[in-house]
Amino acid sequence: MKLSYVKSPEEKTKISPKGNKVVTKKTAIWTKKDLLGLEYLSKEEIGLILDNAKSFKEVLARPLRKVPTLRGKTVVNLFYEPSTRTRISFELAAKRLSADVINMVKEGSSIQKGETLIDTGRNLEALKTDVIVVRHNCSGAAAMLSRAVNISVVNAGDGWHEHPTQALLDIFTLNEKLGNVKGLNISIIGDIAHSRVARSNIWGLTKLGANVTVCAPGKLIPAGIEKLGVKVTSNIDEAIKKADAINVLRMQFERDAAGAFPSRIEYFKTFGITEERLKKAKKDIVVMHPGPINRGVEMSAEVADGANSVILEQVTNGIAIRMAVLYLVTHAKRENA
Ligand code: ASP
């Protein structure tokens, strides 16, 4: 298995003064103790995570799916919001790297007694843990925690802000299916307003050179989103027509998405992804969803389980991405190290 702090996602060809072709490589070095969002990463750093995830995916294909990379380290999953895929995936990733794992949820912990996020984080640090993977309903919670502790903090979703590992696993899956996202047309469809998945995908995909379109009912499109370099439409057929891939988002009813359209049936009729609608799309269009799916709201069951769907492959790839992230943040080359 080849792991590296320094990897070369970018090659540039120059002609030397003597007229020879010289291939120069732009290298990336991982220096960050935390992963807070794709907004804060360069495209080389994103490439570094994706490259390392490729190596870890090889580990997951072995009969013995374990390496000693994080032996002696402890990862805490600190989840203030419900989660199935992300929490289990981080736990599996840490265990596949031989780390010890502690799962902490609101219920049954001192969070219920009113302990602050920072106090909880500082106590976890005092308990000599190495990484806190945090999910929180408040945008900015992961960044706030990262400033309060010296150990690593990985954002597993903060409010409406970012869900970086979800976008990384989406991009990894797109690379596997389509080669490279540069120049591809990717449409993100659904509850853009409440979606940290949308924001992380927009940051990541635009940095890597994809053409991103967002599509939703007007009330679910945040004001000024086009400033992030995306096209905006409320016409679903337009969003699908030229797309190489669509990433279909869950309606976040717990965050008041329901007020944006008259009923779930009407949303499905106007924006839902059906086999009928996909007939107007490219034949090999890649269909993604971060889960959990509301079948019959965002997409039909036939599409979710159909030939174009890579939804379960996304889930599998999530483990490799999270292994890469846990590896990099715990092996960051600190500035003066
Ligand atoms: N699982 C993703 C998240 O936590 C997407 C969703 O919940 O809709 O943001």
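The rules behind the values
Residues numbered from 1 in each chain as written. Predicted model: local features only at pLDDT ≥ 70, side-chain atom pairs only at ≥ 80, totals over all residues. Pairing = 2+ DSSP bridges. Helix = DSSP H or I, 4+ residues; strand = E, 2+ residues; numbered from the N terminus. Axes fitted to C-alpha atoms, helices over the stretch in contact; angles between N-to-C directions. Contact = placed C-beta atoms within 7 Å. Parallel < 35°, antiparallel > 145°, perpendicular 65-115°, else oblique. Left-handed = near helix turned anticlockwise from the far one by under 90°. Expected span 1.5 Å × (residues − 1). Buried ≥ 20, exposed ≤ 12 C-beta atoms within 10 Å, placed from the backbone. Domains from an automatic or database assignment. Near = placed C-beta within 6 Å. Nonpolar A, V, L, I, M, F, W, Y, C, P; charged D, E, K, R; others polar. Core = buried A, V, L, I, M, F, W, Y, C linked by C-beta atoms within 7 Å. Arc of directions from axis to C-beta. Right-handed = clockwise from strand over helix to strand, strands pointing away.

With parallel pairing, four strands are arranged side by side in an open sheet as E4-E3-E5-E6. Two strands in the sheet have a free side with no partner beyond their single neighbour: strand E4 (100-105) and strand E6 (152-158). Between one strand axis and the next, the sheet turns through 15 degrees on average, direction left out of account. Where helix H2 (residues 85-96) meets the sheet, its contacts fall on strand E3 (74-79), E4, strand E5 (131-136) and E6, and the angle it forms with E3 comes to roughly 175 degrees.

In a pair of packed helices, the angle between the axes and the distance between the axes together describe the arrangement. Packing of helix H5 (residues 164-178) against helix H6 (residues 196-207) leaves a shortest axis separation of 8 Å and a crossing angle of 55 degrees. Here H5 is positioned oblique relative to H6, judged by the angle of their axes. By crossing handedness, the relation of H5 to H6 is classed as right-handed. Note on element contacts: H6 touches H5 through Val197, Ser200, Asn201, Gly204 and Leu205, opposite Pro164, Gln166, Ala167, Leu168, Asp170 and Ile171.

The next thing to look at is H6. Taking 1.5 Å of rise per residue, the 12 residues of H6 would be expected to cover 16 Å, and the 17 Å separating its terminal C-alpha atoms lies within 8% of that figure. Most of H6 is tucked away: 11 of the 12 residues are buried. Taken together, the buried residues of H6 touch helix H1 (43-60), E6, H5, strand E7 (185-189), strand E8 (211-215) and strand E10 (245-248).

Before going further, it helps to examine the sheet that holds E8. Read across the sheet, five strands follow the order E9-E8-E7-E10-E11 without closing on themselves; strand pairing throughout is parallel. The open sheet has two free edges, formed respectively by strand E9 (231-233) and strand E11 (286-288), since each of these has just one partner strand. Mean inter-strand twist for the sheet, computed between neighbouring axes without regard to direction, equals 20 degrees. Of the pairings in the sheet, the one linking E7 to E10 comprises four bridges and is parallel in character. Looking at E10, one finds that Ile188 is bridged to Asn247. In the packing of H5 onto the sheet, the strands contacted are E10 and E11, and the crossing angle to E11 comes to about 165 degrees.

The next subject is the domain arrangement of the chain. What the domain assignment lists for the chain is domain 1 (31-163 + 318-330) and domain 2 (164-315). Each of domain 1 and domain 2 has a C-alpha centre, and the two are 25 Å apart. Facing 24 residues of domain 1, the contacting portion of domain 2 comprises 23 residues. Those elements giving two or more residues to the side of domain 1 that touches domain 2 turn out to be H1, E6 and helix H11 (311-330).

Let us now look at the site of the ligand. For the ligand, the full set of nearby residues is Gly157, His163, Gln166, Arg196, Val197, Arg250, Gln252, Pro290 and Gly291. Partitioned by chemical class, the residues of the shell around the ligand number two nonpolar, five polar and two charged.

Quick look at the packing of H2 against H11 now. Remark: H2 packs on H11, axes separated minimally by 8 Å, with the N-to-C direction vectors making an angle of 55 degrees. Relative to H11, the element H2 lies oblique. Relative to H11, the crossing made by H2 is right-handed. Contact residues: H2 offers Arg85, Ser89, Phe90, Leu92, Ala93, Ala94 and Arg96, while H11 offers Val315, Gly318, Ile319, Arg322, Met323 and Leu326. Among the residues forming the contact of H2 with H11, the class breakdown is eight nonpolar, two polar and three charged.

So, on to the nonpolar core. Membership of the largest hydrophobic core comes to 93 residues, with the highest contact counts inside it found for Ile49, Ile132, Val133, Ile189, Ala324 and Leu326. In terms of residue count, H11 provides more of this core than any other element does, 10 residues in total. Each of domain 1 (31-163 + 318-330) and domain 2 (164-315) gives at least three residues to this core. Beyond its immediate sequence surroundings of up to four residues, Ile132 is in contact with Val76, Leu78, Gly121, Leu124, Leu145, Ile151 and Val153.

Here the focus is helix H3 (residues 117-126). The set of residues buried in H3 consists of Thr120, Gly121 and Leu124. Seen from one end, H3 has its buried residues packed into an arc of 100 degrees, which puts them on one side. Where H3 is buried, its residues meet E3, E5 and helix H4 (141-148). Immediately downstream of H3, the backbone of Lys128 shows phi near 65 degrees, a positive value.

In this chain, Gly291 is followed by Pro292 through a cis amide linkage whose omega measures -5 degrees. Assignment of secondary structure puts Pro292 in the loop between E11 and helix H10 (301-304). Although it is not a glycine, Ser98 sits at a positive phi angle of roughly 70 degrees. Relative to the elements of secondary structure, Ser98 occurs in the loop between H2 and E4.

Looking now at the pairing of E8. Two faces make up the sheet, and in a regular strand the side chains alternate between them. The buried count for E8 comes to four of five residues, which makes it a mostly enclosed element. The sheet contact formed by E7 and E8 spans five bridges and is parallel. Opposite Ile186, over in E8, you have Val212 as the bridge partner. Handedness of the E7-H6-E8 crossover: right-handed. Alignment of E8 against E9, held across three bridges, turns out to be parallel. Bridge pairing in E9 links Cys215 to Thr233.

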